[in-house]
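Reading the structure
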Amino acid sequence: MKEDDAACDFAAAFEKALACLPSGYLDGCYDGEPWNATLRRSADGRRVWLFARALKQTDIVSFNLYRTRRGGTLLKPCEMSSAKVVAFVIGFKPSVKC
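One structure accompanies this document, and this report is about it. (Residues numbered from 1 in each chain as written. Predicted model: local features only at pLDDT ≥ 70, side-chain atom pairs only at ≥ 80, totals over all residues. Heavy atoms only, no water.)

1. Some words on the sheet that holds strand S5 (residues 73-77)
The pairing of strands in a sheet happens through backbone hydrogen bonds and is either parallel or antiparallel. Ordered in space as S5-S4-S3-S2-S1-S6, the six strands form an open sheet in which the pairing is antiparallel. For this open sheet the edge positions go to S5 and strand S6 (93-94), each flanked by a neighbour on one side alone. Here strand S4 (residues 60-67) runs beside S5; their pairing, made up of five bridges, is antiparallel. Considered in S5, the bridge of Phe-63 is made with Pro-77. Along the sheet, helix H2 (residues 82-91) makes contact with strand S1 (24-30), strand S2 (33-41), strand S3 (47-54), S4, S5 and S6, crossing S4 at roughly 95°. (Pairing = 2+ DSSP bridges. Helix = DSSP H or I, 4+ residues; strand = E, 2+ residues; numbered from the N terminus. Contact = heavy atoms within 4.5 Å. Axes fitted to C-alpha atoms, helices over the stretch in contact; angles between N-to-C directions.)

Listed below in structure tokens is the structure:
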């Protein structure tokens with residue numbers, strides 16, 4: 001598999017996982033630890049905002065995702081790597097007790 005193919009698969013997994021998360025407040029599990037998150041979507045669906053906090057640690061995940069008029073997306077993590085954001089969204093399981 002080429003590197004570009006792997007990046008496309010990762011992006012598709014992120015989009016699918018994000019689409020499955022309901023808007024609002026969420027309790028759940030990530031990497032074997034309890035987390036809570038708040039997910040908001042704009043009325044037109046062009047902006048997604050997430051803030052999540054580990055309950056037993058000091059770790060957070062926060063980002064804005066913008067959907068462009070041309071059909072692209074812009075992921076804007078808040079003071080963290082895109083890889084951390086993508087891994088969290090793919091791995092976060094809402095309403096699961098750890």
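Following the structure, the description resumes.
2. A short note on the packing of aromatic side chains
Enumeration over the complete set of coordinates arrives at five aromatic pairs. Ring geometry for Trp-35 against Phe-88: centres 4.9 Å apart, planes inclined by 50°, an arrangement best described as tilted. Of this pair, Trp-35 sits in strand S2 while Phe-88 sits in helix H2, and the two are 53 residues apart along the sequence. Classification of Phe-88 as buried rests on a relative accessible area of 0%. Every member of this aromatic cluster is reached through a ring pair, and the members are Tyr-30, Trp-35, Phe-88 and Phe-92. (Phe/Tyr/Trp six-rings, centres within 6.5 Å; stacked < 30°, edge-to-face > 60°. Buried < 20%, exposed > 50% of the residue type's maximum accessible area, 1.4 Å probe, protein only.)

3. Quick look at the side chain of Asn-64
By the element assignment, Asn-64 lies in strand S4. Reaching out from Asn-64, the side chain makes a polar contact with the side chain of Arg-47 at a distance of 2.6 Å. Discounting chain neighbours no more than four positions away, the residues touching Asn-64 are Arg-47, Val-48, Trp-49, Leu-74, Leu-75, Lys-76 and Cys-78. (Polar contact = N/O pair within 3.5 Å; in protein donor to acceptor, adjacent residues only side chain to side chain.)

4. Some thoughts on the nonpolar core
Considering soluble globular proteins, one finds that nonpolar side chains tend to be buried as a cluster. Residues Leu-18 and Phe-88 are the most contacted members of the largest nonpolar core, which totals 22 residues. Put simply, the parts of the chain that give this core at least two residues each are helix H1 (3-20), S1, S2, S3, S4 and H2. Contacts of Leu-18, omitting those with residues within four sequence positions, involve Leu-39, Arg-41, Val-48, Phe-63, Leu-65, Arg-67 and Val-89. (Core = buried A, V, L, I, M, F, W, Y, C linked by side-chain atoms within 4.5 Å.)

5. Quick word on the pairing of S3
Taking every second residue as pointing to the same face, the buried face of S3 carries Val-48, Leu-50, Ala-52 and Ala-54, while none of Arg-47, Trp-49, Phe-51 and Arg-53 on the other face is buried. For S2 and S3, the ladder comprises seven bridges, and the chain directions are antiparallel. Bridging across to S3, Arg-41 finds its partner in Val-48. Where S2 hands over to S3, the hairpin turn is made up of five residues, of which Gly-45 adopts a positive phi near 75°. Linking two consecutive strands that pair antiparallel, namely S3 and S4, is a turn of five residues.

6. Some remarks on the pattern of salt bridges
All told, the structure shown has two salt bridges when counted by the stated rule. Arg-67 serves as the salt-bridge partner of Glu-15, at 3.2 Å between the closest nitrogen and oxygen. Separated by 52 residues along the polypeptide, Glu-15 in helix H1 and Arg-67 in strand S4 bring together distant segments of the chain. Overall, the relative accessible area of 26% leaves Glu-15 in the partly exposed class. (Salt bridge = Lys/Arg side-chain N within 4 Å of Asp/Glu carboxyl O.)

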